[in-house]
Every structure is written in C-alpha cells, then in structure tokens.
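# Commentary on secondary and tertiary structure
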Amino acid sequence: MTIEAPELLTLDQLSPDEMMLIEMLRGELQLERWQFDELDAYFNGEQIIRDLGISIPPQLKGLHTVVGWPRIGVTALEERLDLDSFRWVDGADSSDLQAIADANDLFDEASLAHTDALVFGRSYLAVGSGDCGSADCPPLISVESPRDMAVMWDARTRTVTAALRECDAPWMGLIGPREQLLVLYLPDQTVQAVRSPSGGWEVIDRDIHNLGIVPVVRMANRQRTGERWGRSEITPEVMSITDAACRTLLGMEVAREFFAAPQRYILGASEQAFQDAEGNPKGAWETYIGRVLALERDEDGNVPEVGQFTAYDPSAYTKIIDLYARIMATQLGLPPHYLGYTSDNPASADAIRSAEAQLIKRAERRQRRFGHAWVQALRLGLWVQQGEPPDKTRVIEPVWRNAATPTVAASTDAAVKLVTAGVLQPNSAVTMQMVGLTASQQQQVLAEQQRAAGQQATQDILAQIAKLNSVSLPDAAENQ
C-alpha cells in the first residue's frame, strides 16, 4: 500500500515537470494569439484601418472599407492543394491507408489544415486512439488550430518533443459552466486536465501509449533555418498594401459624399432667394434641389450669375487602386486579373500560363512540404492502430492533383504518347492519374476493365465449346 499510493497520486495529479511544461507552453500560446488575431482579421477583412487623420473628417471615422486581397491570395493558393489519396510506393494494396483517411475525412479536413498553415504559418495534426473500442478501430487524426496549440520543437531531429492544446471542454454548457480543457502530449502519454475549483489543474485522463514520440505533427509554411515555426502568406507587405488600398477606397467614399452632386455657386442673389415663405432660412439640401435656379432680378434689374464647379472624377482613386493591385499581385504571386486588374487587350493562352507560373510553383512547393506532414500523420496512425511502428523501408506517398490544372486534352495526349512509347502500361495507376482520374474513378475503371475481360473470356470459352460441338456432330453421324 505504501508503494501504490504515490503512483495513484501521480496519475491523479500533475507532476512538477508537467506543470512546468504546461506553464511554458501556455505562455507561448498566449504570446502568439495576438499575432494570430491580427492575421485572422486581415484574412476575414476585419482589420482596423490605420487612419492618418488628414483627409477623413471625424464624422466619417466609423466608415469601414474592406479589400479582400489577403483572402484571395490565400484561397487561390489553397485551391491548388487538392489531396487526392495515399498509396504505398512499392505498389502494395493501399486499402489500409485509404481506410484511415476515410475514417477521419482527411481529404476534406486537409483544406482546413492547409488554410490555417497559409494564414497563421502553421497548423497541427494530432493522432490518437479511436473511440470505437475494438482492436481494429481506426486511429483518430484531427486537425488542430495554432490558436489552440503550442509545441516544443527540436530543430536537430525535426520532431515535436512536447505539445499543449488549450480549449473549451466539449461538454461545456451541457452539464455545467464553461470549463477549460488542457491536453498535454508527451512521448509516453497524453494527459487531459481541467480547472479544479481550487484554481489548479485536475487530471481527468492519462492515455499511456508508450510510443516514444509525441503524436503531434506540425505543418509549417515558409520555413527558414532560423524560423522553423513557419510564416504566414499574409506578410507585412501584404498588410501594408491592403491598408493603403482600404484608405484609398475610404477617401473615394468621402469624396463621393462631398461631390456626388455637382457643386454650384450663385453670385448677386438676394437674401430672400434662400428663405421660405415665412422668411425662415432654407436648409442646404432644400436650397439645392428647390427652385433656387428660378431667381428674381435684384433691385438694379440684374440677374444673379449661376455657375457650376468641375464635377468629381474618381479616376484618380481608381488608378491608385490599380497600382496597388499590381503590387499586391507581385507579392502574392497571382495573375493581376485575380485581383480585378485587367487590361484592354485580352491575354493570350501563353500569357495566362506565364502569369500563373509563380502561383503553380508555390503550390508545388507547398505540396511537398505539407505532404511530408500528412505522411508522418499516417505513419503515426498505423503505429497507434497496429501497436508497432511501420516498416521504415516502406514509403507512403501522398497523391496530389496537378497544381497547374492542365486541359484534359493535353493530359490525355501526354499519357497516350507515354503508353505508345512503352514507358507506361495502359492499366497503370500512374497513367490514370496523368489523365486526371481520382482514386475512386481509377478503382471503378479497373473494376470495369476486369468485368469486361471476364465477359470476353466467357465468350471465348463458349465459342470454343460451340466449335468443338460442331466438329464432333459429323463424326458421330458417320459412326452411326
């Protein structure tokens, strides 16, 4: 009994080392959230415009203009990161990988992970045991936001050494007041804790997995040797140009309020021209739209002179916005027409492909970087499911859609030439992938080919039987 009591305490309570890790990671998480809030505001068009206080009157400071260029840049890049399937490089049956991906809806969740990585600079994939309770239960792979998770990273081994996820408890509002949930990921176990009434942390679950590694994978964007945590696609340059474009649009709105109606002047009019029948001064708008042009002659018989100032021309603002659009297209690697800037002459097909070259190359780089994270998550999932690490000699390959989105005719022509030259086989998965067929379409095509081959074999057998019967009938007649 004296030996088991300390063990029960360590299971029910956090150890000093665990408390130190939690405080360290929570501090890092709180420090980064303000930056994530700013990036999220630019992505959603909710950022606060930095007014210079020169051309905007105080009455219009509440007017808000939005330029969605950061969202367009991130979305245009993410839309070219379509994860199609996973497969073993050695050509073995990949149904086990497909089962894990389908059970976790990874091909849909991948869009969430990629978007967070592009906006915040990183996202996370957490791997755990499934909830079905059976031995062959597929593992649980979830996409986690960097707003809720922080990790300790070993740059030498390029692995996570500890991770912390802080969020609201899933049962909040159902059985009691809102509770805060902590999940601490360690190499040998995963600890879940909630706030206790005394203000500390109360352990509610310990999953002793003994994997030897932390079951968390980081998906980082735009890494550098000194910045392994990743960087957002919404760079300071993008923020600055977005703010400038918003201020320009706001200035155009202010000018429209002042100069939407042409400004006129009247010289030599009497005071009665601006009064109503009772002698009260008319309002500015009533004076403008009323019978102010029907002016009487003065006492000397002269007619007041009426003129109009030059009307407001918004082209000065639109030219500046077009300039910002071209600069922003360079920063985001987008064709200018993605941001609404077009020229009078339509671009040729070669010009469009040339304009998209930088965006395609960025997408291909992200496919390689993000694909490595997906492979790590799949290998961890197999490890959790099978109870032993997968063979290192067997390589998992993520299959991506072509980021360049070529035409069907061009893809088919290239595949036909490679098959004709003997480089590829007609029924090869690589050939079908080049044509643009998805994994489910490839399986359907193979099933239809097998069905057609079976029907042809049956017809050949029936033809042989009929031929043998036709030959044996005359021989039987002669014998009679």
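Our structure's up above, just so we're on the same page.
The notes below deal with the structure included here. Residue numbers run consecutively from 1 along every chain, following the written order of its sequence. Predicted model: local features are reported for residues with pLDDT of at least 70 only, side-chain atom pairs are reported and counted for 80 or more only, and whole-chain, interface and lining totals are derived from all residues. Only hydrogens and water are set aside; all other atoms, that is, all heavy atoms of the structure, feed into the side-chain values.

This paragraph deals with the sheet that holds strand 9 (residues 216-220). Pairing between strands is defined by DSSP: at least two bridges between the two strands are required. Each helix is a run of DSSP H or I of at least 4 residues and each strand a run of E of at least 2, with the numbering of both proceeding from the N terminus. The strand order across the open sheet formed by three strands is 3-2-9, and the pairing between neighbours is antiparallel. The open sheet terminates on both sides in strands that have one partner only, identified here as strand 3 (140-144) and strand 9. The mean angle between the axes of side-by-side strands here comes to 20°, regardless of whether they run parallel or antiparallel. As paired strands, strand 2 (residues 122-128) and strand 9 are joined by five bridges and run antiparallel to one another. Bridge pairing in strand 9 links Leu 125 to Val 217. Lying on the sheet, helix 5 (residues 106-120) is in contact with strand 2, strand 3 and strand 9; it crosses strand 2 at an angle near 140°. For every element, the axis is a line fit to its C-alpha atoms; helices are fit only across the contacting stretch, and the angle between N-to-C directions ranges from 0 to 180 degrees. By definition in these notes, contact holds between two residues if any of their heavy atoms fall within 4.5 Å.

By the secondary structure assignment, Ile 204 is in strand 8 (residues 201-208). For every residue, the accessible area obtained with a 1.4 Å probe (protein chains only) is divided by the maximum for its type, and the residue is called buried under 20%, exposed over 50%, and partly exposed between those limits. For Ile 204, a relative accessible area of 40% translates into the label partly exposed. Each C-alpha atom of the pair Ile 204 and Ala 193 lies 5.4 Å from the other, and the pair is 11 residues apart in sequence.

Glancing now at the pairing of strand 6 (residues 180-185). The element strand 6 is extensively covered by neighbouring structure, given that five of its six residues are classed as buried. Across six bridges, the pairing between strand 5 (residues 159-168) and strand 6 is antiparallel. Bridging across to strand 6, Ala 163 finds its partner in Tyr 185. Relative to strand 7 (residues 189-195), strand 6 runs antiparallel, the two sharing five bridges. Looking across to strand 7, one finds that Tyr 185 is bridged to Thr 190. In this antiparallel pair of consecutive strands, strand 6 and strand 7, the connection spans three residues.

Right, let's talk about unusual backbone geometry for a bit. Unusually for a residue other than glycine, Asp 105 sits at a positive phi of about 55°. Note on placement: Asp 105 falls in the loop between helix 4 (95-103) and helix 5. Unlike most non-glycine residues, Asn 210 shows phi in positive territory, near 55°. Among the structural elements, Asn 210 can be located in the loop between strand 8 and strand 9. According to the relative accessible area criterion, Asn 210 is exposed, its value standing at 55%.

Definition used for salt bridges: Asp or Glu carboxyl oxygen within 4 Å of a side-chain nitrogen of Lys or Arg. In total, this model carries 15 salt bridges according to the counting rule given. Note that Arg 231 and Glu 227 form a salt bridge whose closest N and O atoms lie 3.0 Å from each other. The exposure class assigned to Arg 231 is partly exposed, which follows from its relative accessible area of 34%. The network of salt bridges with shared partners includes Asp 37, Asp 40 and Arg 147.

What follows deals with the packing of helix 2 (residues 16-44) against helix 5. The geometry of helix 2 relative to helix 5 is characterised by a closest axis approach of 9 Å and an angle of 110° between their N-to-C directions. Between helix 2 and helix 5, the angle falls in the class roughly perpendicular. Here helix 2 contributes Phe 36, Leu 39, Asp 40 and Phe 43 to the contact with helix 5, which in turn contributes Thr 115, Val 119 and Phe 120. The nonpolar class holds Ala, Val, Leu, Ile, Met, Phe, Trp, Tyr, Cys and Pro. Asp, Glu, Lys and Arg form the charged class, and all remaining residues, Gly among them, are polar. Grouping the amino acids of the contact of helix 2 with helix 5 by side-chain chemistry returns five nonpolar, one polar and one charged. An angle below 35 degrees is read as roughly parallel, one above 145 as roughly antiparallel, one from 65 to 115 as roughly perpendicular, and any other as oblique.

Another point: the sheet that holds strand 4 (residues 149-154). Strand order in this open sheet of five strands is 4-5-6-7-8, and the pairing throughout is antiparallel. At either end of the open sheet lies a strand with only one pairing partner, and these are strand 4 and strand 8. If you compare each strand with its neighbour and ignore which way they point, the axes differ by 15° on average. Both strand 7 and strand 8 contribute to a ladder of seven bridges, which runs antiparallel. Bridging from a neighbouring strand, Val 191 pairs with Arg 206 of strand 8.

Below, the discussion takes up the pairing of strand 1 (residues 83-88). The element strand 1 is largely enclosed, with a buried count of five among its six residues. Sheet topology note: the strand 1/strand 12 (residues 396-400) ladder contains five bridges and is antiparallel. In the sheet register, Phe 86 faces strand 12, and the bridge partner there is Pro 398.

At a minimum axis separation of 10 Å, helix 3 (residues 69-78) and helix 5 run at an interaxial angle of 135°. When the axis of helix 3 is compared with that of helix 5, the two are oblique. The two elements helix 3 and helix 5 meet at a crossing, and its hand is right-handed. Within the contact between the two elements, helix 3 uses Val 74, Leu 77 and Glu 78 and helix 5 uses Ser 111, His 114, Thr 115, Leu 118 and Val 119. Broken down by class, the residue content of the contact of helix 3 with helix 5 amounts to four nonpolar, three polar and one charged. Each crossing is labelled by how the near helix is turned from the far one, with a counterclockwise turn of less than a right angle marking it left-handed and a clockwise turn marking it right-handed.

This brings us to helix 10 (residues 357-386). Helices are assigned an expected span. That span is 1.5 Å times one less than the residue count. Relative to the 44 Å expected for 30 residues at 1.5 Å per residue, helix 10 spans 43 Å between its end C-alpha atoms, a close match to the ideal helical length. Positive backbone phi, at 80°, marks Gly 387, one or two positions downstream of helix 10.

A pair of Phe, Tyr and Trp rings is counted when the ring centres sit within 6.5 Å of each other, with Trp represented by its six-membered ring. The angle between the planes then sorts it: under 30 degrees is stacked, over 60 is edge-to-face, the rest tilted. One pass over the structure, following the stated rule, counts two aromatic pairs. Measuring from centroid to centroid gives 5.3 Å for Phe 36 and Phe 120, while their planes differ by 65°, and the two rings are edge-to-face. Residue Phe 36 is found in helix 2, and its partner Phe 120 is found in helix 5; the two are separated by 84 residues along the sequence. Just as Phe 36 is buried, Phe 120 falls in that class too. Between Phe 86 and Phe 107, the ring centres sit 5.9 Å apart and the planes meet at 25°, which makes this aromatic pair stacked. Here Phe 86 is found in strand 1, whereas its partner Phe 107 is found in helix 5, with 21 residues between them in sequence.

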